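Observations on chain architecture
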Amino acid sequence: MDDLIQPPAATPAESGKSAKGKPKKVREIPENLRKFREVYAKAHEGAGAERIAAQKAKGKLTARERIQYLVDDGTFAETGTLVETACTEYGLKEKHIKGDGVITGFGKVNGRDVALFAQDFTQLGGSLGLAHAIKIAAVMDKAIEAKMPIIGLLDSGGARIQEGVESLDGYARIFARNVKASGVIPQISVILGPCAGGAVYSPALTDYVFMVEGISHMFITGPEVVKSATGEQVDFDTLGGSGPHSAKSGVCHFVAKSEPDCFRQVRELLSFLPQSRNERPPMGDSHDPANRRVPLLEKICEIHPRRPYRVTHIIWWLADEHKFLEVHQNFAKNIVVGFMRLGGDVVGVVANNPAQLGGALDIQASVKAARFVRFCNNFNIPLLTLVDLGGYLPGVEQEHGGVIRNGAKLLYAYAEATVPKITLVLRKAYGGAYIAMSSKHLNGDFNFSLPSAEIAVMGPRGAIEILNSRQIKEAPLEQQEALKEKLSKEYADKFASPYQTASIGSIDDVIEPCESRFRIIQSLRLLKNKRDPGTHNNAGNIPL
Ligand code: HXC
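Residues numbered from 1 in each chain as written. Predicted model: local features only at pLDDT ≥ 70, side-chain atom pairs only at ≥ 80, totals over all residues. Heavy atoms only, no water.

**Some points on the overall build of the chain**
What counts is decided by this rule: Under the DSSP-based scheme used, a helix requires at least four consecutive residues in state H or I and a strand at least two consecutive residues in state E, with every element numbered from the N terminus. In this scheme, a residue with accessible area under 20% of its type's maximum is buried, one over 50% is exposed, and one in between is partly exposed, where area comes from a 1.4 Å probe on protein chains only. We call two residues in contact whenever any of their non-hydrogen atoms come within 4.5 Å of each other. Areas reported as accessible are Shrake-Rupley estimates using a 1.4 Å probe. Residue values count occlusion only from the protein chains shown. We treat Lys and Arg as the positive residues and Asp and Glu as the negative residues; His and chain ends play no part in the count. Where a charge lies is defined by one atom per residue type, namely NZ (Lys), CZ (Arg), CG (Asp) and CD (Glu).
Scanning the chain for helices and strands turns up 22 helices and 17 strands. When burial is assessed residue by residue, the chain has 51% of its 544 residues classed as buried. In the chain, of all internal contacts separated by at least 6 residues, the share reaching a separation of at least 24 is 74%. Carbon and sulfur atoms form 57% of the exposed surface of the chain, whose accessible area is close to 25400 Å². For the chain, the separation between the mean place of its 66 positive charges and that of its 61 negative charges on side chains is 3 Å.

**Quick look at the side chain of Ser-488**
With respect to the helices, strands and loops of the structure, Ser-488 is situated in helix H20 (residues 477–494). The buried category is assigned to Ser-488, whose relative accessible area is 10%. Among residues more than four places away in sequence, those in contact with Ser-488 are Pro-460, Arg-461 and Ile-464.

**A short note on a nonpolar patch on the surface**
Rule in force here: Here, patches come from residues exposed beyond 30% relative accessible area and free of salt bridges, joined within 9 Å for like charges and within 5 Å for nonpolar side chains (Val, Leu, Ile, Met, Phe, Trp, Tyr). What makes a salt bridge here is a side-chain nitrogen of Lys or Arg within 4 Å of a carboxyl oxygen of Asp or Glu, nothing more.
A cluster of nonpolar side chains, namely Val-457, Met-458 and Ile-466, defines an oily patch on the protein surface of about 300 Å² accessible area. For Val-457, a relative accessible area of 68% corresponds to the exposed category.

**Description of the state of the cysteines**
When the sulfur atoms of two cysteines share a covalent bond, that bond is a disulfide. Heads up, the rule is: Put simply, a disulfide is two cysteine sulfurs that come within 2.5 Å.
If you walk through the whole model with that rule in mind, you get zero disulfides. Free of any disulfide, Cys-252 has its nearest neighbouring cysteine sulfur in Cys-262, separated by 8.8 Å. The class for Cys-252 is buried, based on a relative accessible area of 1%. Take Cys-514: it sits in no disulfide, and the sulfur closest to it among the cysteines is that of Cys-301, at 8.7 Å.

**What to know about the nonpolar core**
For the record, the criterion: The definition of a nonpolar core used throughout is a set of buried Ala, Val, Leu, Ile, Met, Phe, Trp, Tyr and Cys residues joined through side-chain atoms within 4.5 Å.
Formed by 65 residues in total, the largest nonpolar core has its most connected members in Phe-339 and Val-350. When residues of this core are assigned to their parent elements, the largest contribution, seven residues, is made by helix H14 (residues 363–378). With sequence-adjacent residues up to four places away left out, Val-350 is seen in contact with Ile-335, Val-336, Val-337, Ala-369, Phe-372, Val-373, Leu-383, Leu-384, Thr-385, Leu-386, Tyr-414 and Met-437.

**Description of the packing of helix H5 (residues 130–146) against helix H6 (residues 165–181)**
Where we set the bar: Fitting a line to C-alpha atoms yields each axis, with helices limited to the stretch in contact; the angle taken between N-to-C directions then spans 0 to 180 degrees. Each angle is binned into one of four classes, with values under 35 degrees roughly parallel, values over 145 roughly antiparallel, values of 65 to 115 roughly perpendicular, and all other values oblique.
At a minimum axis distance of 8 Å, the contact between H5 and H6 shows a crossing angle of 10 degrees. Regarding the angle of H5 to H6, the classification is roughly parallel. Facing H5, whose interface residues are Leu-130, Ala-133, Ile-134, Ile-136, Ala-137, Met-140, Asp-141 and Ile-144, H6 presents Glu-166, Gly-170, Arg-173, Ile-174, Arg-177, Asn-178, Lys-180 and Ala-181.

**Quick word on the site of the ligand**
Formally: What makes a residue near a molecule or strand is one non-hydrogen atom of that residue sitting within 4 Å of it. Two N or O atoms count as a polar contact when they lie within 3.5 Å, although within protein this holds only if one can serve as hydrogen donor and the other as acceptor, and sequence-adjacent residues are included solely when both atoms are side-chain atoms.
Taken together, 18 residues sit near the ligand, with Arg-51, Lys-58, Gly-125, Gly-157 and Ala-159 positioned nearest. A distance of 3.2 Å is found between a nitrogen atom of the ligand and a backbone nitrogen or oxygen belonging to Ile-161. For the ligand, the protein covers 55% of the area, taking 1000 Å² as the surface of the free molecule. At the level of secondary structure, the elements contributing two or more residues to the shell around the ligand comprise H6 and strand E6 (194–196). Top contributing element to the shell around the ligand by residue count: H6, with three residues.

**Quick look at a negative patch on the surface**
A grouping of Glu-298, Glu-302, Glu-512 and Glu-515 is seen on the molecular surface, where their side chains present a negatively charged patch. Relative to the assigned elements, Glu-515 resides in the loop between strand E17 (509–510) and helix H22 (516–526).

**Points about the sheet that holds strand E4 (residues 150–154)**
Rules: Two strands pair if DSSP finds at least two bridges between them.
Taken in spatial order, the seven strands line up as E1-E2-E3-E4-E5-E7-E9 in an open sheet, and their pairing is mixed. Each having just a single partner strand, strand E1 (77–79) and strand E9 (254–256) make up the two edges of the open sheet. Mean inter-strand twist for the sheet, computed between neighbouring axes without regard to direction, equals 20 degrees. Here strand E7 (residues 208–212) pairs with E9 via three bridges, running parallel. Counted as the bridge partner of Phe-210 is Phe-254 from E9. Running over the sheet, H5 touches E1, strand E2 (102–109), strand E3 (112–119), E4 and strand E5 (187–191) and is turned about 25 degrees from E2.

**A closer look at the packing of aromatic side chains**
Formally: To pair, rings of Phe, Tyr and Trp, with the six-membered ring standing in for Trp, must have centres within 6.5 Å; the planes then decide the type, stacked if under 30 degrees apart, edge-to-face if over 60, and tilted in the middle.
Taken as a whole, this structure holds 13 aromatic pairs when the rule is applied. Pairing Tyr-208 with Phe-339 gives two aromatic rings, centres 6.5 Å apart and planes at 80 degrees, and the pair type is edge-to-face. Linking Tyr-208 in strand E7 with Phe-339 in strand E11 (residues 335–342), this pair joins segments that are 131 residues apart in sequence. Neither Tyr-208 nor Phe-339 differs from the other in exposure class; each is buried. With 5.2 Å between their ring centres and 50 degrees between their planes, Phe-339 and Phe-372 make a pair best called tilted.

**Notes on the pairing of E11**
Along any regular strand, the residues point their side chains to alternate faces of the sheet. Burial analysis of E11 places eight of its eight residues in the buried class, which makes it a mostly covered element. Taking every second residue as pointing to the same face, both faces of E11 are buried, with Ile-335, Val-337, Phe-339 and Arg-341 on one and Val-336, Gly-338, Met-340 and Leu-342 on the other. Bridge count between strand E10 (residues 324–327) and E11: four bridges; the pairing is antiparallel. Residue Val-327 lies in a different strand from E11, and its bridge partner there is Val-337. In this structure, E11 lies alongside strand E12 (residues 345–352), joined through eight bridges in antiparallel fashion. Counterpart to Leu-342 in the pairing with E12 is Asp-345. Between E11 and E12, which pair antiparallel in sequence order, lie two residues; one of them, Gly-343, sits at a positive phi of approximately 60 degrees.

Coordinates in, geometry out; function isn't part of it.
Put into structure tokens, the structure is as follows:
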């Protein structure tokens, strides 16, 4: 089927040359063929030089250029090129805008099929009318049926005002399909201009949202409405740019410096994902030995339990060729999630990050990790969980903000997930947070620990202050600190080690730190056939 990757080259007759390459007597082109070529050439021309220049002046590419960057050369097959609006209001129909402000079709990324749509801001501001929506819905339907990812390139003024409620209904058609596709095929949204009003909810229903610094904006109401409603003065970037949405709201998973950089990132993400829930992710051709030793993990055994370090270093050293694609890099930095390969297999990693809040679980970290775990479970991606945390983040803000309700999402996601789950406790795992981080009885498959790990109901200091409070209070004041130290050490020797946990089977094995990569890959291979793709993963990827 490789001959389908590129369209056929022009025949000598079409090129106006003879088979020997000599100029040929010009053949009269039939009228229907001439008209066909003229109609399509005009449709591909788009909105004309002036509007395209205005688009470029904003530092943006055109919709067709974007598709070229995204898909493999020569693979794009367009649908609905000639579709026009039926709306007669405000002289809309007489404008004869071919394609109705959106380019839809299919192409290949890294040699694999994708469905896509690209809103064209140069045509009616990329606004969404009924015909525009029906075109998008049609490629989404086909992507669900034929089981391939759907990618939306969004650059739009929102609901087409001239078309009234029909344009709102158009959004409803898309939202309904976003939900139908959820957990069935990967859905990616790339915001490349404005995305305003209710339009923001289509990306929010998809699995991953990309934004580009300076040109992407998402908000329910723009700066003017915010000013009149609340009196707050805010500009587009501060309200809905890639900065706040990647770091504060968590709407955006990936930020790019430029559009080409963004499309490179989309292609990289797709390289980790299966075409649908019925497939496994593509194997990599890794040359990194499965039994490569990872001496960095020995260092973890040396350092103080509360000393911060960036867990991404550990992930890089474990990963094939040290490659790790971090998701949601700027959001809830106390937990790190992302994709890597181990022995060629794609793995989703969830890791507490002691460099931020000591790696504690809070509301945002729980929600971030829970949605990632659910995505991996939807798409047959095994999970590796690296544990190093003192517990949940304490505080009134967390309690009143719903750390109970949101923390439960992570427990639910792990307990529900039936993909292979491997857990490695690096340094400490206490209390409820120990349970939440893919513990054995929350259905972990292989649970390992480094020799340095402290696993207990609570940290030694907190534990002895409760267990020995009377003894401590009764001791002379100047001796209390030394007594606490002694009792803490006794407690740590007895309980805060992996051996007690391993003796009751809650840890399968305490492992040699340098052999961690080998043990994880060995476990992944053992679990390879734990679940057949397409079974036990019928849940949608609801936005949490
Ligand atoms: C129809 C629209 C449009 C819209 C823009 N245009 N938005 N046409 N419906 N929603 C047209 C403009 O009339 C203009 O046409 C062309 O697109 C370019 O727009 P400009 O305003 O010149 O561009 P710019 O200065 O870059 O400003 C872009 C913008 C602004 C910030 C997006 O156009 C804007 O604020 N638009 C409205 C955004 C908005 O409020 N949308 C929400 C709608 S309600 P001409 O022919 O003059 O060049 C909604 C609800 C959805 O979306 C609910 C779903 C459930």
